[in-house]
Every structure is written in structure tokens, then in C-alpha cells.
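Each chain, letter by letter, is given below.
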Amino acid sequence: MKLSEWAPRNGGPYQTAWTWAKEGRMPVPVVQTPSGTRLVAEPAPQAPGRVVVYCRVSSGDRKGDLERQVARTVQGATGQGLTVADVVTEIDRDRLARFGVEHLEGALSAAGRRLIVLDSAETADDLVGDITAVLTSMCARLYGRRCAKDRVARAVAVATGEEAAG
């Protein structure tokens, strides 16, 4: 299969796969044809590996959310025909990968593993929340804590094209 087809199927960008192929770091055999096309040799199907579910919440008062998240994630994995071997839970303000998930996916792919996101809509919601938190912090430093929340709400409303409340 062409390298341009292999990269998205394995959760990585084409440019990263091309660089790996050029540097000889691909996790699978790659040959270059006389025309310059790089072809990836598909490995034989392997038995399913160990599946680990990772769930986190940002604070201890959200433990109930963590339990529901674990149940939903395990159910989603088994719905895809995967057998969950272990569940890793964490209560931490920081996320596993706030930005640069493609780098994490590339590293996992190089090790013969993959990252499965069950609900990609949640990642978009997280990004909006992250940007709002950063803006709030910056505005609080510039304008004082009292009016920072209002300024952030107005900035988000302008950016999203919505009308600010208040």
C-alpha cells in the first residue's frame, strides 16, 4: 500500500510517516519504487494485544464523573470488539495530551500500538475550555480578577460569533 494511504490508517500524518521512511524509522518495512513512490508492506494480522483504558478528571470532587467515564469507556471499547485488560484512572488538572495528540499517536504507532478516541466531539469541547481558561488567566493579570471573567466571555462571544450575555 502507498505510504499516503498507510499514514492515515495508522493514526499519523503523512509528513511524519514520510520522514520516518526517509530516515529508516518506520515500524513496518517500506520500499521505494524507481518512480519514487514509497510502498508499505502490510504486516500479517496479529492477535489482538492488551487494551488499556485511560480516564481522568480534573479534581477530587468529580470522582462520580470518573466512575461514569470508566463505565462509558469500557462499554465503548467492548462495543468495538476489544477486551479491556486494565483501567488506568487519574485525578489531575493536566491532560494526557492537551495539544499534539498526533505526536502521541505517532509514538504509539511506532511501537505497534494505537490510540482510540471514543468521542472526538469531547476533544473540541476541551479545547474551547482550555482557551477560555488561558484567556481568563491572562485577562486577570492584565485587568484584575474582578472583570476578567466578563472580558473573557465577551472575547469568546466575539470569536464564536455569538452575542455576549450581560
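Please refer to the structure placed before this passage.
Computed from a predicted structure; not experimentally measured.

Sorry, what's going on with the overall build of the chain here?
Looking only at helices and strands, the chain features 6 helices and 4 strands. Moving toward the C terminus, one meets the helices and strands of the chain in the order α-α-β-β-β-α-β-α-α-α. Residues counted as buried form 17% of the 166 residues belonging to the chain. Considering only intrachain contacts with a sequence separation of at least 6, the fraction spanning at least 24 residues in the chain is 48%. Surface summary for the chain: the accessible area is close to 12,000 Å², and the carbon and sulfur share equals 52%.

I'm lost on the environment of alanine 77 in this one. Help?
You can see alanine 77 is positioned in helix 3 (residues 63-79). Between the C-alpha atoms of alanine 77 and isoleucine 116, which are 39 residues apart in sequence, the distance is 8.9 Å.

Would you explain a nonpolar patch on the surface in this entry?
Judged by side-chain polarity, Val52, Tyr54, Val88 and Leu96 come together as a nonpolar surface patch covering roughly 320 Å² of accessible area. By the secondary structure assignment, leucine 96 is in the loop between strand 4 (84-91) and helix 4 (101-110).

Looking at this structure, how should I read the pairing of strand 4?
Strand residues, when the strand is regular, have side chains that alternate between the two faces of the sheet. In this structure, strand 3 (residues 51-57) lies alongside strand 4, joined through 7 bridges in parallel fashion. The partner of valine 52 across the bridge, within strand 4, is aspartate 86. The parallel pair strand 3 and strand 4, bridged by helix 3, forms a crossover whose chirality is right-handed.

Calculation notes
- Residues numbered from 1 in each chain as written.
- Predicted model: local features only at pLDDT ≥ 70, side-chain atom pairs only at ≥ 80, totals over all residues.
- Heavy atoms only, no water.
- Helix = DSSP H or I, 4+ residues; strand = E, 2+ residues; numbered from the N terminus.
- Buried < 20%, exposed > 50% of the residue type's maximum accessible area, 1.4 Å probe, protein only.
- Contact = heavy atoms within 4.5 Å.
- Areas by Shrake-Rupley, 256 points an atom, 1.4 Å probe, with all protein chains shown as cover.
- Patch = residues over 30% accessible without salt bridge, like charges linked within 9 Å, V, L, I, M, F, W, Y side chains within 5 Å.
- Salt bridge = Lys/Arg side-chain N within 4 Å of Asp/Glu carboxyl O.
- Pairing = 2+ DSSP bridges.
- Right-handed = clockwise from strand over helix to strand, strands pointing away.

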